[in-house]
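# Structure at a glance
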Amino acid sequence: MPAKVGAVKVISLSSSSIFNIGDVYNMAPQAQAKTFAGGGSFNTGDGIRININRSETFVNDSELIDQPIANNA
């Protein structure tokens, strides 16, 4: 169904994002990322208290490719 779109202002787009105005059948952004973080790194909320005396993050990875995205359309 057609739609009328007024003015659009795009501030920024990341490397794996999709920007679309209008009718679309299929959109499939593809990206991969590997994140390493210590204990208590991804906590969210108000009033969180964390006491970690020693935190170690082991990043030894024997696999060269973890999540291949080639030919994954």
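Use the structure listed above.
Just so we're clear, the structure is a prediction, and the values are computed from it rather than from any experiment.

Attention now goes to the overall build of the protein. When you go through the protein residue by residue, the secondary structure sums to zero helices and zero strands. Scaling as 2.2 N^0.38, a compact globule of 73 residues should have a C-alpha radius of gyration of about 11 Å, whereas the protein reaches 20 Å, well beyond that. By its C-alpha atoms, the protein is 60 × 40 × 20 Å across when sized along the principal axes. The 73 residues of the protein split such that 0% are buried. Once local pairs closer than 6 in sequence are excluded, the contacts in the protein between residues at least 24 apart make up 26%. In the protein, 5 side chains carry a positive charge and 6 a negative one; their mean positions are 13 Å apart.

With that out of the way, let us pick up a nonpolar patch on the surface. There is a patch of nonpolar side chains on the surface, built from Val5, Val8, Val10, Leu13, Phe19 and Ile21 and spanning about 520 Å² of accessible area. Classification of Val8 by relative accessible area gives partly exposed; the value is 44%.

Exposure remark for Gly38: the relative accessible area of 27% places this residue in the partly exposed category. Sequence separation of Gly38 and Glu56 is 18 residues, and the distance between their C-alpha atoms is 6.2 Å. Excluding its chain neighbours within four sequence positions, the residues that come into contact with Gly38 are Ser55 and Thr57.

Reading the values: the criteria
Residues numbered from 1 in each chain as written. Predicted model: local features only at pLDDT ≥ 70, side-chain atom pairs only at ≥ 80, totals over all residues. Heavy atoms only, no water. Helix = DSSP H or I, 4+ residues; strand = E, 2+ residues; numbered from the N terminus. Rg over C-alpha atoms; globule rule 2.2 N^0.38 Å. Buried < 20%, exposed > 50% of the residue type's maximum accessible area, 1.4 Å probe, protein only. Contact = heavy atoms within 4.5 Å. Lys, Arg positive; Asp, Glu negative; His and termini not counted. Charge placed at Lys NZ, Arg CZ, Asp CG, Glu CD. Patch = residues over 30% accessible without salt bridge, like charges linked within 9 Å, V, L, I, M, F, W, Y side chains within 5 Å. Areas by Shrake-Rupley, 256 points an atom, 1.4 Å probe, with all protein chains shown as cover. Salt bridge = Lys/Arg side-chain N within 4 Å of Asp/Glu carboxyl O.

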